[in-house]
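Residue strings, one per chain:
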Amino acid sequence: MLAETVSRLFAEVESDQLQPTIDEMGLAGLMLSEGQGGAGCGWEELFEVLEPAGQYAAAVPLGENILASQLLGKAGNFSLSPYVEGSLQEGKFSGEVRNIPWGRAVDTVVAQAATGDVFSLDTSAAHCRENHNLADEPRDTLIFDRQAIGPLESADLLQYCALMRSVQMAGALEGALQLTAAYTLERHQFGRAIGKFQAVQQQLAVFAVEVAAVSCAVRAACRAATRGDAAFQIGAAKLRANTAVEIASRTAHQVHGAIGFTREHQLRQFTQRLWSWRTEYGNDRYWSEFLGRRVIERGAEHFWSDLTARDDRVAG
Amino acid sequence: MPTFSFQPVDLPPGIPAFRQQIRQFLQREMPDTSPENKSNCWGVADLAFSRKLGQQGYIGMTWPKAFGGGERSAIERYILLEELLAAGAPVGAHWIADRQSGPAILKYGTAEQQQKYLPAITRGELYCCIGMSEPGAGSDLASVRTRGEQLADGRWKLNGQKLWTTFAQHCDLMIALVRTTPVDANNRHAGLSQFLIDLKHTPGITIRPIEDMVGGNHFNEVFFDDAIVEPDALFGVEGEGWQQCTSELSLERSGPERYLSSLALYLELLRAAGSDAESTVVQALGSIATQLWTLRQMSLSVAGQLVDGQDPTLEAACVKDLGNALEQGIPHLVQRIVSSELFLEDQSDLARTLALLLQTSPSFSLRGGTREILRGIIARGLGLR
């Protein structure tokens, strides 16, 4: 239901009208409690909303809006970033908050210092160094000088952002798969649709299995995040999404041939995002070390029982 | 909408207690075995252990009580299987009977056939094998040439050869796919029938072992030379063997045995890694943990869909393809990153498990539907075929 509504939104609304429409619909309040005027939803509903955003390559910080709103306890066009360099003294922050999605366009950003403190910053007095990722999505650095902070409840912003991005990656992978599968039936060579060649079919099957794995992993991580500590599942979901990027982008471009390589073609909307997102909020090395250290610490005797206990806890 | 459906499953209450019960049983009853024998453990037969599982109610646990079953849920059975496999228990003797022969008999068998075979299977005393492959019929099953000819008295005379029959030497019963009407070039799948063949008491049957490259003997070839079986050996409907056979195959693609065959090696790598492990090893451990976790979520999701009465044929093919790739990838990854001082002929648990899995893992993407067949099924799901 939710997924269909937002899918229609991404399919039908002009890109420059997308953010105003999102603001108007109050989508940012998805994860606020009903008492705060929100929809009281959890990560599973966030999946329903953000997966289509990825599948339609929507150029809006919807996930950032929703998560920052939840952290701030009010809905709005806000952003967040776990990448902070600077110092906190007497309730004032001096330094840089980096790689903020749409940092130039938001009036408040939620950040997390190396100490773990989570706080909000009013951006009106900040200096903005604009930048963007491979897909032209704004990734700005805001520079603050003794800016008063709004302390917030503790949270792990890197994990928040990693799960948010994983959901979008699941969507973008699905978008790239569907685009590619459709293209193999349109494009004819040697007198038939290229999708009728076994060599192409087998490549597409491998691609589809990767997409299925990411979708399943990310859904499972969202369910876990709604129910409590999900550090393992979030790390695993992001890592699984990261590793799928290689097969997915390689296959999608191979099958599309030269046309998929043009600026005009839609394919790059997915692949450029996926290449950027693989790095954002923990690349493969980061999460595989994070997870590897956890399993080493627990030891071989606990590996299987830990793996099953994560789902058994829900059964109670 | 996603191309494939993998909704996470919520395990029902009572699962943790049941899992505990299984672990206690294994602690008590599982024979001591080396890590190498814990790998690919559904390829390891131990008849005495299968009987213990039967006594415990751990074979045919979802089947009707009238046939010795436990009428437990399919999710509970899933939990049992993953616990047996994760522990490396030798479950090969009864695995096929529990997974597919029994369910097929429940679905297509007559009341007499059900009464004759199912209770003995649940006791862990009657073992089954699959009679599909032949010298000229591997992935292309419709080309089986073993022939069944009905005699004037209603009995059937079988002639031909089955190949790669796992554990035929231990088995009492084979469900064989046999051509009973000459091949029709326009419908190659017609004219095939299934038979329940008593391997221990039918004259005209010869079972010969085939040694695999590790020196193991699970493969066999089974010859039928004017082997005569009774009319009631016909299984299901004459001429519908193909449909029966393929529905049997779809039961066996998404279980935990499709991704856990190399778990024992992963655990050895983990055991060998200390807090000072090199980054390459740490990353490999994290990466494999991620893949195991993901596959477990996928495999469980398919189990949930089966319980809900959906048809997850495509999803099951995804699980098997990805699971086999993981099982096969683990030994190569471990070989790539372990100490250069480790040699395959060493006697350490890690070396022995690695050596065995390097040699047995090529079979993982052959048994139960080859990688190419699975990917063809998935491509069909994508609308390409």
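Cut-offs used in this document
- Residues numbered from 1 in each chain as written.
- Chains lettered and ligands numbered in written order.
- Predicted model: local features only at pLDDT ≥ 70, side-chain atom pairs only at ≥ 80, totals over all residues.
- Heavy atoms only, no water.
- Phe/Tyr/Trp six-rings, centres within 6.5 Å; stacked < 30°, edge-to-face > 60°.
- Helix = DSSP H or I, 4+ residues; strand = E, 2+ residues; numbered from the N terminus.
- Buried < 20%, exposed > 50% of the residue type's maximum accessible area, 1.4 Å probe, protein only.
- Lys NZ or Arg CZ within 6 Å of the ring centre and 35° of its normal.
- Salt bridge = Lys/Arg side-chain N within 4 Å of Asp/Glu carboxyl O.
- Contact = heavy atoms within 4.5 Å.
- Buried area = accessible area lost by both parts, 1.4 Å probe.
- Polar contact = N/O pair within 3.5 Å; in protein donor to acceptor, adjacent residues only side chain to side chain.
- Domains from an automatic or database assignment.
- Nonpolar A, V, L, I, M, F, W, Y, C, P; charged D, E, K, R; others polar.
- Axes fitted to C-alpha atoms, helices over the stretch in contact; angles between N-to-C directions.
- Parallel < 35°, antiparallel > 145°, perpendicular 65-115°, else oblique.
- Left-handed = near helix turned anticlockwise from the far one by under 90°.

### Considerations on the packing of aromatic side chains
All told, the structure shown has 17 aromatic pairs over all chains when counted by the stated rule. Ring centres of B:Trp164 and B:Phe219 lie 5.2 Å apart, and the angle between their planes is 55°; on these two criteria the pair is classed as tilted. Of the two residues, B:Trp164 sits in the loop between strand E3 (156–163) and strand E4 (173–179) while B:Phe219 sits in strand E7 (residues 219–229), which places them 55 residues apart along the sequence. With relative accessibility at 43%, the residue B:Trp164 sits in the partly exposed group. Clustering of aromatic rings is evident, with ring pairs tying together B:Phe18, B:Phe25, B:Phe49 and B:Tyr58. Looking at A:Arg310, its charged tip hangs above the ring of A:Phe232, at a distance of 3.7 Å from the centre. Sitting over the ring of B:Phe18, B:Arg72 keeps its end group 4.8 Å from the ring centre.

### Here's the deal with the pattern of salt bridges
Summed over all chains, the structure comprises 43 salt bridges over all chains. A salt bridge links B:Glu268 to B:Arg271; its shortest N-O distance comes to 3.2 Å. Taken together, the positions of B:Glu268 and B:Arg271, both in helix H8 (residues 263–272) and three residues apart, correspond to about one turn of that helix. For B:Arg271, a relative accessible area of 43% puts it in the partly exposed group. Connected through salt bridges with shared partners, the residues A:Arg223, A:Arg227, A:Asp311, A:Asp312, B:Asp10, B:Arg19, B:Arg23, B:Glu82, B:Glu83 and B:Arg296 form a single ionic network.

### Points about the environment of B:Ala74
Residue and element names in this part refer to chain B. Within the secondary structure, Ala74 sits in helix H4 (residues 74–87). For the pair Ala74 and Glu238, spaced 164 residues apart in sequence, the C-alpha separation works out to 30 Å. Excluding residues that lie within four positions of it along the chain, Ala74 makes contacts with Thr62 and Val307.

### Quick notes on the interface of chain B and chain A
Contacts between chain B and chain A engage 57 residues on the former and 53 residues on the latter. A buried area of about 4600 Å², summed over both sides, lies between chain B and chain A, and 66% of it is on carbon and sulfur atoms. On the chain B side of the contact with chain A, B:Val282, B:Trp293 and B:Leu384 bury the most area, a combined 16% of that side's loss. Between chain B and chain A we count five salt bridges in total. Between B:Arg271 and A:Glu301 there is a salt bridge; the shortest N-O distance is 2.6 Å. Between chain B and chain A we count 15 residue pairs in polar contact (both at pLDDT 80 or more) in total. A total of 14 residues in the side of chain B that touches chain A trace back to one element, the largest contributor, which is helix H9 (residues 279–307) of chain B.

### Examining unusual backbone geometry
Here the phi dihedral of A:Glu90 falls at roughly 45°; this positive angle occurs in a residue that is not glycine. Mapped onto the fold, A:Glu90 is located in the loop between strand E2 (84–89) and strand E3 (92–101). Notably, B:Trp164 is not glycine yet its phi reads approximately 60°, a positive angle.

### Details of the domain arrangement of chain A
Reports often express the size of an interface as the amount of accessible area lost when the parts come together. Residue and element names in this part refer to chain A. Along its sequence, chain A is organised into domain 1 (2–72), domain 2 (79–152) and domain 3 (157–315). A C-alpha centroid distance of 22 Å is found between domain 1 and domain 2. Between domain 1 and domain 2, the contact holds eight residues from the first and eight residues from the second. Summed over the shared surface of domain 1 and domain 2, the number is zero salt bridges. Applying the counting rule to domain 1 against domain 2 returns zero residue pairs in polar contact (both at pLDDT 80 or more). When the residues that make up the side of domain 1 that touches domain 2 are grouped by side-chain class, the tally is seven nonpolar, no polar and one charged.

### Concerning the pairing of E4(B)
Within a regular strand, side chains alternate between the sheet's two faces. With seven of seven residues buried, E4(B) lies mostly within the body of the structure. Side chains B:Leu173, B:Ile175, B:Leu177 and B:Arg179 project from E4(B) onto one buried face, and the interleaved B:Met174, B:Ala176 and B:Val178 project onto a second face that is buried too.

### Points about the packing of helix H7 (residues 231–256) of chain A against helix H8 (residues 267–279) of chain A
Residues and elements named next belong to chain A. Two elements in contact, H7 and H8, have axes separated by 9 Å at closest approach and are oriented at 150°. When the axis of H7 is compared with that of H8, the two are roughly antiparallel. Two packed elements cross with a definite hand, and for H7 against H8 that hand is left-handed. For the pair H7 and H8, the contacting residues are Lys238, Asn242, Thr243, Val245, Glu246, Ser249, Ala252, His253 and His256 in the first and Leu267, Thr271, Leu274, Trp275, Trp277 and Arg278 in the second. For the contact of H7 with H8, the per-class residue count stands at six nonpolar, six polar and three charged.

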